[in-house]
Amino acid sequence: MFDITLTQLLVQSTAALAAAGQASARLEAEVLIAFVFKKPRSYLYAYPEVVVSDMHCQQVNALIDERVAGRPIAYLVQERDFWSLPLYVNEQVLIPRPETECMVEAVLQLSLPDDCVAVDLGSGSGAIVMALAVERPAWVCLASDRFAEPLQVVKKNIDDLLGAQAPDNGMPARLPMLLQAEWLSACAEACFDLVISNPPYIEDADPYLDRGDLRFEPRSALASGADGLGDIRCIAKQARRSLKLGGYLALEHGYAQQQQVVGIVEGAGFEVKELGRDLAGLPRYVVAQSHS
Ligand SMILES: C[S@@+](CC[C@H](N)C(=O)[O-])C[C@H]1O[C@@H](n2cnc3c(N)ncnc32)[C@H](O)[C@@H]1O
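About the thresholds
Residues numbered from 1 in each chain as written. Predicted model: local features only at pLDDT ≥ 70, side-chain atom pairs only at ≥ 80, totals over all residues. Helix = DSSP H or I, 4+ residues; strand = E, 2+ residues; numbered from the N terminus. Rg over C-alpha atoms; globule rule 2.2 N^0.38 Å. Buried ≥ 20, exposed ≤ 12 C-beta atoms within 10 Å, placed from the backbone. Contact = placed C-beta atoms within 7 Å. Near = placed C-beta within 6 Å. Nonpolar A, V, L, I, M, F, W, Y, C, P; charged D, E, K, R; others polar. Domains from an automatic or database assignment. Pairing = 2+ DSSP bridges. Right-handed = clockwise from strand over helix to strand, strands pointing away. Axes fitted to C-alpha atoms, helices over the stretch in contact; angles between N-to-C directions. Parallel < 35°, antiparallel > 145°, perpendicular 65-115°, else oblique. Left-handed = near helix turned anticlockwise from the far one by under 90°. Core = buried A, V, L, I, M, F, W, Y, C linked by C-beta atoms within 7 Å.

**Let's talk about the overall build of the chain**
Item 1. Summing up its helical and strand segments, the chain has 10 helices and 11 strands in all.
Item 2. For 292 residues, the compact-globule estimate of 2.2 N^0.38 gives 19 Å, and the C-alpha radius of gyration of the chain, at 21 Å, lies within 12% of that figure.
Item 3. Each of the 292 residues in the chain was classed as buried or not, and the buried ones make up 38%.
Item 4. In the chain, the share of contacts with a sequence separation of at least 24, taken over all contacts with a separation of at least 6, comes to 65%.

**Regarding the site of the ligand**
Item 1. In the region of the ligand, 22 residues are neighbours, and Gly-122, Gly-124, Arg-146, Asn-198 and Ala-221 sit closest.
Item 2. Its residues assigned to classes, the shell around the ligand comprises 11 nonpolar, 7 polar and 4 charged.

**Things to note about unusual backbone geometry**
Item 1. Here Gln-78, not a glycine, exhibits a phi torsion of approximately 55 degrees, which is positive.
Item 2. Summarising the element assignment, Gln-78 is placed in the loop between α5 (73-77) and β3 (79-82).

**Remarks on the domain arrangement of the chain**
Item 1. Assigned domains of the chain: these are domain 1 (4-70) and domain 2 (82-290).
Item 2. On a C-alpha basis, the centroid separation for the pair domain 1 and domain 2 is 35 Å.

**Examining the pairing of strand β6 (residues 140-145)**
Item 1. When you tally the buried positions in β6, you get 5 out of 6 residues, the bulk of the element.
Item 2. Bridge count between strand β5 (residues 117-121) and β6: 5 bridges; the pairing is parallel. Bridge pairing links Ala-118 to Cys-141 in β6.
Item 3. Handedness of the β5-helix α7 (residues 127-135)-β6 crossover: right-handed.
Item 4. Where β6 meets strand β7 (residues 177-180), 4 bridges bridge the pair, whose relative direction is parallel. Looking at β7, one finds that Ser-144 is bridged to Leu-179.

**Details of the packing of helix α9 (residues 230-242) against helix α10 (residues 258-267)**
Axis angle and axis distance: for two packed helices, these are the angle between their axes and the distance between the axes, and together they describe the pair.
Item 1. For the pair α9 and α10, the least separation of the axes is 9 Å and the interaxial angle reads 30 degrees. One way to sum up the angle between α9 and α10 is to call them roughly parallel. In the packing of α9 onto α10, the handedness of the crossing is right-handed. Touching Ile-232, Arg-233 and Ala-236 of α9 are Val-261, Ile-264 and Val-265, all from α10.
Item 2. The class makeup of the residues in the contact of α9 with α10 is 5 nonpolar, no polar and 1 charged.

**Things to note about the sheet that holds strand β10 (residues 270-277)**
Item 1. A sheet is described by the order of its strands in space; here 7 strands give the open sequence β7-β6-β5-β8-β9-β11-β10, paired in mixed fashion. The open sheet has two edge strands, β7 and β10, and neither has a second partner. Here the strands of the sheet are splayed against their neighbours by 20 degrees on average, with no regard to which way each runs.
Item 2. Relative to strand β9 (residues 243-252), strand β8 (residues 192-197) runs parallel, the two being bridged by 5 bridges. The residue bridging Leu-194 from the neighbouring strand is Tyr-248, located in β9.
Item 3. Relative to strand β11 (residues 283-290), helix α6 (residues 98-108) is tilted by about 30 degrees, and along the sheet it contacts β8, β9, β10 and β11.

**Topic: the pairing of β11**
Item 1. When you tally the buried positions in β11, you get 6 out of 8 residues, the bulk of the element.
Item 2. The pairing of β9 with β11 spans 5 bridges and is classified as antiparallel. The residue of β11 that forms the bridge with Glu-252 is Tyr-285.
Item 3. Across 7 bridges, the pairing between β10 and β11 is antiparallel. Residue pairing in the sheet places Val-272 in a bridge with Ala-288 of β11.
Item 4. Once β10 ends, the chain turns through 5 residues before running back antiparallel as β11, passing Gly-281 with a positive phi of about 85 degrees.

**So, the environment of Arg-41**
Item 1. The topology assignment puts Arg-41 in the loop between α2 (25-37) and α3 (42-46).
Item 2. Sequence-wise, Arg-41 and Val-31 are 10 residues apart; in three dimensions their C-alpha atoms are separated by 6.5 Å.

**What to know about the nonpolar core**
Item 1. Counting 59 residues, the largest nonpolar core has Ala-118, Leu-132, Val-195, Leu-249 and Ala-250 as its most contacted members.
Item 2. Leaving out residues up to four positions away in the same chain, Ala-118 has contacts with Leu-132, Trp-139, Cys-141, Leu-142, Phe-192, Asp-193, Leu-194 and Ile-196.
Item 3. Of all hydrophobic cores here, the second largest spans 12 residues; its members include Leu-9, Leu-10, Leu-17 and Cys-57.

Have a look at this one:
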């Protein structure tokens, strides 16, 4: 095998990704190479003439092949930033999306008690619950999911956060608790001030489930019945029972589902307080309040 420098590897990897139609080929090549070298991307520019070992070359080429086959970057490098947090992700969890940050931001503006008890239903990687726990260290936060594997990912993210932070430096006073359950079926009446969820909301037959990144994500995190609203109906009904009077329900939904979600939460006995949009300006979440 011929010696190859870091710059040559970068050029070659970028070309392979560009030929496969990846729009951000250069950036993706940098991210994947930096991941293999366990260095920041700036390393590639600081040491362009470094000769790459065969082992590193093979590792990079294997990742490039996977990316060419469509596997999402976040799964390849097992990380995705959400809020201010670099979160560990694997193929058992949805890749956290920026639109979910808009719902978190809205919830942080609500008038909630200092000792708020909050549950993130369908926590996946723990993106929502981790953001809440970091921003509101005194809250009691619960991460809940139907499956054990996502909860293991949340556990790793909590452990990583603990390892990364110095005491008294943005660490939640109470770490999120974990619960494996079907939505709120295991929870008592009137025990939460806040129920927040980014549930599955895509129609079972939507062809987009077999395209792009979605092909690689767990179907159980994405699809929810013929109209995509099965889980939202179930959560709204259960949340009415598990929320304290005056408590809030925040639900993410598909961009074309807002009117239907409003009907569902009002039908369950909530008063709609906010119709939220994502960064692209699309309808994306509903915040509602439980009233007498
Ligand atoms: C769209 S993902 C959201 C993940 C994460 N909260 C986020 O925003 O990135 C939906 C999550 O709901 C979970 N889920 C699906 N059906 C469920 C059910 N019946 N009860 C509880 N959790 C469920 C899935 O396992 C998945 O982790």
